[in-house]
Amino acid sequence: MTMNKELKNTFEYIAERVDKQIELFIPKSPEPEGQLYEAMRYSSLAGGKRVRAFLAVMSSALLGVDEALALRAAAAVEIMHTYTLIHDDLPSMDDATLRRGKPALHREFDIATAVLAGDALQSLSFEVMAHEDTHSDPRVRIKLVSGLARAIGPAGAAGGQMIDLIGEEEDMTLGQITRMNRMKTGALIRFACEVGAIMGRASPQYTMALRNYASDIGQAYQMTDDLLDHYGARQDTGKDTKKDAAANKSNFIKHLGPEETRKKVEILINQATQHLSVFGEKDEAKRLKELAIYLLERKK
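Residues numbered from 1 in each chain as written. Predicted model: local features only at pLDDT ≥ 70, side-chain atom pairs only at ≥ 80, totals over all residues. Heavy atoms only, no water.

Their axes nearest at 8 Å, the elements helix H10 (residues 204-231) and helix H14 (residues 258-275) cross at an angle of 155°. By the angle between their directions, the pair H10 and H14 is classed as roughly antiparallel. Between H10 and H14 lies a crossing of left-handed hand. Residues Ala209, Asn212, Tyr213, Asp216, Ile217, Gln219, Ala220, Met223, Thr224, Leu227, His230 and Tyr231 of H10 touch H14, and the partners they reach there are Pro258, Glu259, Thr261, Arg262, Lys264, Val265, Leu268, Ile269, Gln271, Ala272 and His275. Its residues assigned to classes, the contact of H10 with H14 comprises 12 nonpolar, seven polar and four charged. (Axes fitted to C-alpha atoms, helices over the stretch in contact; angles between N-to-C directions. Helix = DSSP H or I, 4+ residues; strand = E, 2+ residues; numbered from the N terminus. Parallel < 35°, antiparallel > 145°, perpendicular 65-115°, else oblique. Left-handed = near helix turned anticlockwise from the far one by under 90°. Contact = heavy atoms within 4.5 Å. Nonpolar A, V, L, I, M, F, W, Y, C, P; charged D, E, K, R; others polar.)

Encoded structure:
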C-alpha cells in the first residue's frame, strides 16, 4: 500500500523542513572534532520515515501550536530517535550492519565515534528542546524536557532495550513482550504525540486521546517491524532482516505466528483511529488516522 496524495505531501513537507532544522543544529566543522559532527550528520540526515516528526507536528497543528515551534520540537525528537538507533546498532547491542539503506554508523566510521555521536545527539536533543526558541514559556519547556527524558530513560527506550537483550537469552511471556515494545519503541512515539498536547496546553481529554492513539500505533509499529523482519527483504527495508529469528528473540511472531500477529496489528490500528474521534473532522486528525492505516501496510 502506498500513501494517499494528501498524506504523502504532508509527510514530505514535514520531513523537508525537519531536515533543514537538523542541518542547522549540526553544522559542519573544520575543527579536530569535525569528525564527530560528520558522524552525527551521517546518521541524522540519512533519510528515514520521520514518523515521530510527523506525529509531533500534526499533534501540534491539531492544537493550534505555531508551526515553527513544532518543527524545532519535532527535530529534537528525531535527533533523539537517531541516538537510539545508533546505539541499538552497536556490536554490543543488535550488531546491525545496515541502517536506512546505508552502512550502520559504527561500520562507516568506528565504534568509538558511533558511541560519541549517539551521546552528542542525545545532549543536542535536550539542548534544542530546552531552548527558548522552542517555546517562550519555561514551564512548557520543562515539561518537554522531562517528558523526553522519561521516553528514552530506564522506564522508556533504554529500559526496553535492556529487556530486549534479556529476551535473547530467556523466553518472555506475551505480557512481557508487550511491555518491552511499549518501552523500547512506544515511549518515544507517545512522547512525539504529547509534544502537541504539551505545547498547546491541551485539555486532559485531548491529551489522553493523543496518548491512547500513540500507544496503539506504537505497539502496532513495533509488531509491523517484527513482521518486516520476518518477511521483508534487505533491499526493501533498508536494514538487516531475519535477525530476530537468528537471535531467537522473544516477540509476537515467535509466540503467535505471523498471521495472528497481523490480526492484532489490525485491531490496534482500528482502536487508534477511534481515539481521534474527539477531534472531529479536522484535517490534522484525518492525517493522523491515515498514518495509522498506512502503518498497517508499510513495507519498510
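Time to look at the packing of aromatic side chains. The full count for this structure, using the stated rule, is three aromatic pairs. Aromatic pair Tyr42 and Phe109: ring centres 5.7 Å apart, planes at 75°, arrangement edge-to-face. A residue pair is termed long-range when its members are at least 10 positions apart, and Tyr42 in helix H2 (residues 34-44) and Phe109 in the loop between helix H5 (105-108) and helix H6 (111-130) qualify at 67 residues. Judged by relative accessible area, which is 16%, Tyr42 ranks as buried. Here Tyr206 and Phe279 contribute two aromatic rings whose centre-to-centre distance is 4.7 Å and whose plane-to-plane angle is 35°, an arrangement assigned as tilted. Taken together, the residues Tyr206 in helix H10 and Phe279 in the loop between H14 and helix H15 (283-297) connect sequence positions 73 residues apart. (Phe/Tyr/Trp six-rings, centres within 6.5 Å; stacked < 30°, edge-to-face > 60°. Buried < 20%, exposed > 50% of the residue type's maximum accessible area, 1.4 Å probe, protein only.)

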